[in-house]
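Results of the structural survey
What follows is each chain in one-letter form.
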Amino acid sequence: MISSIVFINHKGEILIYRVYKDDITRSETTQFCAKIVATKENKECPIINIDGTSFIHITIKDIVVLATTKVNVNVAMTLQFLYQLVKVCRAYFGGEFDENCIKKHFVLIYEILDEVMDYGVPQIADADLLKKYIQEGGLKPELMNDVEKLKQLTSQATGATSWRPPNLVYRKNEVYLDVIESVNVLMSVKGTILKADVAGSIQVKCLLSGMPECKFGMNDKLLMQREPRKPGQTTTDKGITIDDLKFHQCVKLPKFDKERAITFIPPDGQFELMTYRITENINLPFKIMPVYNELGKNKLEIRVKIKSIFEKNLFATNLAIKIPVPKNTANVSTNSAIGKAKHEPDQQGVIWRIKKYPGDFEALLRCEIDLGQTTNQQPWIKPPISMEFQVPMFTASGLRVRFLRIYEKAGYKPTKWIRYITKAGEYLHRL
Amino acid sequence: MAYFGNNPQRGELQELYADLNDLNFEKKKEAVKKVIAYMTVGKDVSDLFQSVIKCLEFNDIEMKKLIYLYIVNYSRQKPDDAIMVIQNFRKDVRKSENPLVRALAIRTFGCLRVPKLNEYLIEPLKDCIQDDDPYVRKTAVLCVPKVYEVSPEICPALLELLQKLLEKESNALVLANLIQSMREIEVVSGKQLINLNQKIIQKLLLAVDECIEWGQIFILDYLATYNPQDSKQAEIIIERTLPRLSHINPTVTFCAVKVILKYLDFLDNGELVKNLCKKVAPSLISLLSWNQPEVQYTILRNISLILQKFPILFENDVKVFFCSINEPYYIKYEKLDIMVRICDSKNFGQVLNELLIYLNEADPHFVRKTIKSIGKIAITYDKALDKAVSILVELAKNIQQPTEPVQELLIQMQLIYKKNKQMYKHDESLKIIYSIVDYANEPESKSACAWILGEFGEFIPKSVEKMKEYVDNFQMEDRLVQLQLLTSAVQLYLKYPSQCATLIQQLITSAKDSFNPDVRDRTYIYWRLLSTDPEVVKNLVCFNSGTFSNFSKDLRLWETQDLVVALENMGSISNLFHKLPHQLYKNIKIKINNQQNVKIYKGEEKPDTQAQDQQDENNQNNKKELQQQSQQQQLQDVDLLNFDEPSNNNNNNNNNNNNNNNNNNNNNNNNNNNKTDLFELI
C-alpha cells in the first residue's frame, strides 16, 4: 500500500518523514520536494507520477502532506486518509496545523503516525479514540498497569461502537442540534437560475449519559410517505425531496436503507451527524438585480438592487455584496440608503456591507466608476457579483427537524435545543 | 523547534553519545528525541545504534516508541546490533499483560526486515495471531505480509494460520485487516490465498456494517474483484452494499458504487438494474461536488469510464459538470473533458452556452481548451455545427493580439472547414477568420492558415499576395508549415495559374534543396507532376468532397473490452491515468476479461432525431468505404437494456480501424495531416 508519509513545508524541506515500506528511497522524496513542492507545481495536480513512484498529496495552508507509493493503491482512500491525518493532528494541537506546531510536537506526530498506519495500511484514525491511548508526554502509569481498563480500551477501539466510550455520566443531559445550510446559486445575466443547490449539514453536540439510542426525523418526503396517517389529522406538509444523504459512521445505514429511519448511538461531544444535498424547490433568500451601463469611454455605472425573500420577522446578518470593477478603476462613488459600500482595490471590487437586513425588503446601491487610462486594449471581462449572508431560523430547503427521540436504560429526560441557519455558499449572479 | 536546525557536527554526535549514556533519565530522553529529529532531516545517526538501544531498559512507553522508530530505520544497516533487541521484543510479546505493548512489539518486530532475524519472529507472531485481544490480532495479521516479503520460505505455517483465522474470526476490524493482508501477500506471491465461499462472503458483508471506514474500503475493494456465481448472489451482495452509499466518507461511497456497478452485469432482471442505477446516480453526483478538490479530482478522472459503460447514470445531468469560478484548474480541465463526452444531439445547446462563458476566463490555457472543446463538439455533432461556428466567429471578432487561444481558434476552424466546407459562408466566418491569420505564431496554427488560404483562395481577396508573403519566409518555417505551404501554393496555382507562376517557381527553388527529405520529396513530386500533367495534380489537391464523412464519433477513452477490468480498479492509480493496471505496473498480471461481451447501459432511446438519422446514414456510407471496421463499434453502442450482444473480437477490428484510417489518410492525400488529432484527449 502506502510506502511513506511525509510532511513538507512550502520551501520543500522535510518536517516529518515516516517510512512504512522500504521500496522507496529518501532521495526520491527529496527529488519530489525540490522539483515539485519548491516550484509550486504541486498546485497543478494532486497526484504526480515520477519513474513509477506515485506522489499523492494535499496542501493545507503552507504544508504539503504527502503519501508515496509504488503500487496501484486506491487514490481516493489515500487522499481521504491524508485529510483524516490532518484532522487528527488538529485535534491534538487545538485546531492548529502549521510548521511551528509540527516541529514542536514531532515526537507526538511520530507516535500518531505509528498508530494510524501499519505497513502502509490505514488503521484506527479517530482522534477521540486515539487520545485515549496516545498523549503528549506519555500515558499515565496507572492506565499502563491497569489490565482491566486496557482491555476495555482495546475492545472499544476494535469493537462495533468504537466512537463511544462506555459508562459516561452527565448530571444534566443535553443535546444541541444545528442545521446549517449553504446555498449555491448561479444566475445568468438575465436573472434565470442556471444552477442552484443546498448543501446542508446537521451538527450535534451531545452531552448524554450511558449508551443512548437516538432516533432522528425530518420532514423528508420519502419518510413521511411511509408513516401511517393518524385518523382525523390533515396535514398539508408533504415534506421535501432530499437528493442525497451522507451519514456519520454511527448511523445504522442498513436500517436507513430499508426503513429510511435515522437511528444511532451518538459519539460523545461534537460531531457532524449528516450532510445532505437538495436541488428541488429551493427558497432563495435573496434576489440580486444588477444593471450595468457604460457611460462613455471612461465611466461605468453599476446599479444593484437586492431583495430579501423571507418572512418579515426574520433578519439576515452580515451581508457582504461584492460588485466587481475593472482593474483600471480610478475612483468609485457609491450611493445607498442602508449599509456601507466601499471600493476595495485589493479585492477588485466594491464591497457593500450591511449588518442587519430585514425580511421582504428592497435596497439599492448605485456605483459610479471612473476609469483611469490603460494600455491594455482587452475589453473588461466581468466576473460575477457574489454575495455573503447568514439568515438565522431559516432553511433554504425548507427542511425541518420533526423529532429526536432518545432512549436510555436510565430513562432520563434530556433537554433538546435546535437552531437553524442558512448561509451563502457560492451565491453568484453574472454581470 | 529546538530539535531542528543545525547539522550534527562531529562534536554534536559525541555530545549526543554522552547524553545517551548519561545516568539521568530525562537527559537520555531528550537525547533520543534529538536523534529522531536528526533522522527526520536526513542526517545519518546510525553510529549511535548501540547507545540508543541501551535506553530500552526503561519502562517508558513514549521513549520505547521513539527507539523502535530508530531501530526500524537502521536495522538493515546494523543487522548484527539489531539482534540484541530481539530479546526485548520477545519479552514484550510474551510477558506483557498490556495489549498495547504486545501490539507495539509485534508491529515493530515485523518492520526489522532482516532475513536472519525473521526466524526468531515466527513463534511470537503465531502467538499474536491467536491472541485473545482483537487489538493485538489486528496488528499481528498485518505483520505476516511484512515477513513474507523478506523471507517467504519460512511463512507457510503463518499463511495456514491466516486462512484458519478467516474461517473463525468474528471481529470486523481484524477481518478487514486480514483481507487486506492476504491480498498483499497474493500480489507478492502471485498465488490465490483467499478462498471465498458463501459463508465467508456473508461474514465479510456483516463486517462491512461494523468496522471502521478504512476496513469497509478494504472489504468493498476486495469484493469488487470477485465474480459472483449467479444473479442471486450478485443481488444479495448489491443489497448489502447499498446502505454504504450514504456513508460520509466519500471513498466508502465510491467503493460501494464500484461494487454495485460491477455486479450489475451479473443481474438478469432488467427492471432491478434500472432501479439500482437510479439509486447510485445521486450518490455519485454528491461526490462530484465534494468539498475536497483532490478527492473530487479522483472521482472526475473515473467518470469517463462510468460514462462509457453507464451512460444512463448521467442522463439529463450535464449541469453537474459545469465549472464554478473558484475551482482549481485541474478540476476545470476534467469537467471540460467530461462535458464534451457527455454532449449529445439533445443537450449540445446547453453545453455550448456554458462553454461560451468560459471563453471569458483569465487563464489562456483554459480558454484554449475551451475552444478545442467547442471545435470537437462542432465536428462530432452535425446539429451543433452552426452554433459552434457562430461562437467561434464572434470570438474572432474581438481578437487583437496573438494569444494562445487564437492559435487554437485557427486550428479548430480549419478542422471545421475540413468537415464541412460550406461552413465558410456561415456568419461570414471566412472573412473574419482570415482577418486574424496574422496572429498565428505556432506551427500548427500557421499550417491551418496556409490550408485555409489554399482551400479558399478564390474567396479571399489578395490571396496570392498573402501566399507570396508566406513563400518569402519559407525557409524560416517549421516543417509542418512548409509541407502545408507546398500543397496550398499548388492549390492556389491551379486556381490562378498566371498570377502564381513566379510564386510557384520561387517556392520550388527554395524547397527543393531542403534538408528535410519529406519537404524535398513533396517538392519534387509536385514539380514533376505540374510539368507533365496539371490535371492529375488537380485531382490530387483539389478534391471537392463537400463534407467529410469519416470524422467519426469516437470520443471513447477505453477499449470496450477493457471496461470490465477498468471498472474493477475504479479509484486506483492506474485508472487515474486512464490505463489498465498491467500497463502501469509490470508485476501485475494481465487480467483477461472472461466475460464474453461488455454490456453498455443506456437509458431508453427517445424517438430518433433527424441528426441521429443523418449520423446513421453517414455511418452507413462509412461502412461501405471502410468496409467492416465501424460495424462492430456500432453494435456495441446499441441500447443496453435490451441486452444486445456485441461481438467479442474487437481487438482485431480496432486494429483494422487504425489501419484503415491510416490508409485513408494517405489516400486522401496530405490534407489530413492533422486529422489524427481528433482522437486525442483534450
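Calculation rules
- Along each chain, the written sequence defines residue order, and numbers are assigned to residues from 1.
- Chain A is the first chain written and ligand 1 is the first ligand written, with later ones labelled in order.
- Restriction of local features to residues with pLDDT of at least 70 applies here, the model being predicted, together with a cutoff of 80 or more for giving and counting side-chain atom pairs; totals for whole chains, interfaces and linings are based on all residues.
- Based on all heavy atoms of the structure, the side-chain values leave hydrogens and waters out of the count.
- UniProt positions are given in the numbering used here, feature names are shortened, and annotations may be inferred rather than shown by experiment.
- What is meant by a nonpolar core is a set of buried Ala, Val, Leu, Ile, Met, Phe, Trp, Tyr and Cys residues, joined one to another through side-chain atoms within 4.5 Å.
- Working definition: with a 1.4 Å probe on protein chains only, accessible area under 20% of the residue-type maximum means buried, over 50% means exposed, and in between means partly exposed.
- Secondary structure elements follow DSSP: runs of H or I no shorter than four residues count as helices, runs of E no shorter than two count as strands, and numbering proceeds from the N terminus.
- Working rule for contacts: check all heavy atoms of both residues, and any pair within 4.5 Å makes them a contact.
- Pairing of N or O atoms within 3.5 Å defines a polar contact, subject to two protein rules: one partner must be a possible hydrogen donor and the other a possible acceptor, and residues neighboring in sequence count only if both atoms are side-chain atoms.
- Put simply, a patch holds well-exposed residues, over 30% relative accessible area, that have no salt bridge, with like charges counted together within 9 Å and Val, Leu, Ile, Met, Phe, Trp or Tyr side chains within 5 Å.
- All accessible-area figures derive from a Shrake-Rupley calculation using a 1.4 Å probe, and residue coverage is judged against the displayed protein chains alone.
- Any Lys or Arg side-chain nitrogen located within 4 Å of an Asp or Glu carboxyl oxygen qualifies as a salt bridge.
- Counting rule applied: Lys, Arg positive; Asp, Glu negative; His and chain ends not counted.
- Positions of charges follow a simple convention, taking NZ of Lys, CZ of Arg, CG of Asp or CD of Glu.
- Lines fitted to C-alpha atoms define the axes, with helix axes restricted to the stretch in contact, and inter-axis angles between N-to-C directions lie between 0 and 180 degrees.
- The scheme is simple: roughly parallel for angles under 35 degrees, roughly antiparallel for over 145, roughly perpendicular for 65 to 115, oblique for anything else.
- Should the near helix be turned counterclockwise from the far one by less than a right angle, the crossing is left-handed, whereas a clockwise turn marks it as right-handed.
- Classes in brief: Ala, Val, Leu, Ile, Met, Phe, Trp, Tyr, Cys and Pro nonpolar; Asp, Glu, Lys and Arg charged; the others, Gly included, polar.
- A simple way to read buried area is as the amount of 1.4 Å-probe accessible surface that goes missing from two parts once joined, with both sides added.
- By this rule, a helix spans an expected 1.5 Å times one less than how many residues it contains.
- Note on bend: at a given residue it equals the angle between the axes fitted to the 7 residues ending there and to the 7 starting there.
- For two strands to pair, DSSP has to find at least two bridges joining them.
- We place a 1 Å grid over just the protein atoms. Points where a 1.4 Å probe fits but has no way out form a cavity, open points with protein on both sides within 12 Å along at least 5 of 7 lines form a pocket, and any residue with an atom within 4 Å of a point lines it.
- Grid points are joined across faces, edges and corners, and a volume is the space filled by probe spheres set on the points.

Chain B goes by AP complex subunit beta in an unreviewed UniProt entry, where it is assigned to Paramecium sonneborni. The record held by UniProt for chain B lists under Subcellular location (unreviewed entry) the comment "Endomembrane system". Chain B has a UniProt comment under Sequence similarities (unreviewed entry) that states "Belongs to the adaptor complexes large subunit family."

As recorded in an unreviewed UniProt entry, chain A goes by the name MHD domain-containing protein, listed as coming from Paramecium sonneborni. Its UniProt record gives chain A the following Sequence similarities (unreviewed entry) comment, quoted word for word: "Belongs to the adaptor complexes medium subunit family."

As a rule of thumb, nonpolar side chains are buried together in soluble globular proteins. Judged by nonpolar contacts, the single largest core of 289 residues is most densely connected at A:Ile5, A:Phe7, B:Leu313 and B:Phe314. Considering each element in turn, this core owes the most residues, 11 residues, to helix 2 (residues 75-92) of chain A. Not counting chain neighbours up to four residues away, the residues in contact with B:Phe314 comprise B:Leu284, B:Ile285, B:Leu288, B:Ile303, B:Ile306, B:Leu307, B:Phe321 and B:Ile342. Judged by nonpolar contacts, the second largest core, of 71 residues, contains A:Cys250, A:Ala341, A:Leu399 and A:Tyr412.

A few words now on the environment of A:Thr53. Residue and element names in this part refer to chain A. On the secondary structure map, Thr 53 appears in strand 4 (residues 53-60). Since its relative accessible area comes to 0%, Thr 53 is described here as buried. A sequence separation of 18 residues divides Thr 53 from Val 71, and the C-alpha atoms of the two residues are 8.0 Å apart. A polar side-chain atom of Thr 53 sits 3.4 Å from a polar atom in the side chain of Lys 70.

Time to look at a positive patch on the surface. Residues and elements named next belong to chain A. On the surface, Lys 215, Lys 255, Arg 405, Lys 413 and Lys 416 cluster together into a patch of positive charge. Positionally, Lys 413 belongs in the loop between strand 22 (401-407) and strand 23 (415-429). Given a relative accessible area of 78%, Lys 413 falls into the exposed group.

This next bit is on the packing of helix 2 of chain A against helix 4 (residues 106-116) of chain A. Residues and elements named next belong to chain A. At a minimum axis separation of 11 Å, helix 2 and helix 4 run at an interaxial angle of 140 degrees. One way to sum up the angle between helix 2 and helix 4 is to call them oblique. The two elements helix 2 and helix 4 meet at a crossing, and its hand is right-handed. Each of Phe 81, Leu 85, Val 88 and Tyr 92 in helix 2 lies in contact with helix 4, whose residues at this interface are Leu 108, Ile 112, Leu 113 and Val 116. When grouped by side-chain class, the residues that make up the contact of helix 2 with helix 4 number eight nonpolar, no polar and no charged.

This next bit is on the interface of chain B and chain A. Contacts between the two partners involve 94 residues from chain B, matched on the other side by 87 residues from chain A. For chain B, the biggest contributors to the area lost against chain A are B:Trp214, B:Ile248 and B:Glu294; these three give 9% of the whole. Of the charged contacts in the structure, one is a salt bridge between A:Arg430 and B:Glu354, with a shortest N-O distance of 3.7 Å. Taken together, the connections running from chain B to chain A amount to 34 residue pairs in polar contact (both at pLDDT 80 or more). It is helix 8 (residues 134-150) of chain B that contributes the most residues to the side of chain B that touches chain A, eight residues altogether. Here the residues of the side of chain B that touches chain A sort into 46 nonpolar, 26 polar and 22 charged.

A few words now on helix 26 (residues 497-511) of chain B. All names here are of chain B. Look at helix 26: 19 Å from first C-alpha to last across 15 residues, which is about the 21 Å you get at 1.5 Å a residue. Most pronounced at Leu 503, the bend in helix 26 amounts to some 30 degrees. The complete set of buried residues in helix 26 reads Cys 500, Leu 503, Ile 504, Leu 507, Ile 508, Ser 510 and Ala 511. Contacts made by the buried residues of helix 26 are with helix 24 (463-472), helix 25 (479-495) and helix 27 (517-532).

Time to look at the sheet that holds strand 2 (residues 14-19) of chain A. Residues and elements named next belong to chain A. Taking strand neighbours across the sheet as the criterion, the five strands line up as 2-1-5-4-3 in an open arrangement whose pairing is antiparallel. Looking at the sheet topology across the chains shown, the edges are occupied by strand 2 and strand 3 (47-50). Sheet twist, expressed as the average angle between the axes of neighbouring strands with direction ignored, equals 20 degrees. Strands strand 1 (4-8) and strand 2 of the sheet are contacted by helix 4, whose axis makes an angle of about 30 degrees with strand 2.

This part covers the UniProt feature "domain: Clathrin/coatomer adaptor adaptin-like N-terminal" (unreviewed entry) in chain B. According to UniProt, the positions carrying the feature "domain: Clathrin/coatomer adaptor adaptin-like N-terminal" (unreviewed entry) are residues 11-533 of chain B. Across residues 11-533 of chain B, the secondary structure splits into 71% helix and 0% strand, with the terminal C-alpha atoms separated by 90 Å.

All names here are of chain A. Pairing within the open sheet is antiparallel, and its four strands lie in the order 14-15-20-17. Strands with a single pairing partner mark the edges of an open sheet, and in this sheet they are strand 14 (286-294) and strand 17 (329-336). Taking each pair of neighbouring strands and ignoring which way they run, the sheet shows an average axis angle of 15 degrees. The pairing of strand 17 with strand 20 (residues 362-371) spans seven bridges and is classified as antiparallel. Paired with Thr 329 across the two strands is Leu 371, which belongs to strand 20.

Residue and element names in this part refer to chain A. Across the eight residues that make up strand 4, a large majority, seven, are buried. Sheet topology note: the strand 3/strand 4 ladder contains four bridges and is antiparallel. Bridge assignment links Ile 47 to a residue of strand 4, and that residue is Ile 56. Connecting strand 3 to the next strand, strand 4, in antiparallel fashion are two residues, including Asp 51 with a positive phi near 45 degrees. In this sheet, strand 5 (residues 63-69) lies alongside strand 4 in antiparallel orientation, the contact comprising seven bridges. Following the sheet pairing, Phe 55 is matched in strand 5 by Thr 68.

The next point concerns empty space enclosed by the protein. Considering all chains together, one arrives at eight cavities of 30 Å³ or more under this definition. Each pocket or cavity is described by its volume, and for the largest cavity that value is around 160 Å³. Around the largest cavity, the lining is made up of 18 residues, and of these A:Arg18, A:Asp114, B:Lys65, B:Leu69 and B:Thr108 lie nearest the centre. Contributing elements (two or more residues each) for the lining of the largest cavity: helix 4 and strand 6 (117-118) of chain A together with helix 4 (61-74) and helix 6 (99-110) of chain B. In terms of residue count, helix 4 of chain B provides more of the lining of the largest cavity than any other element does, five residues in total.

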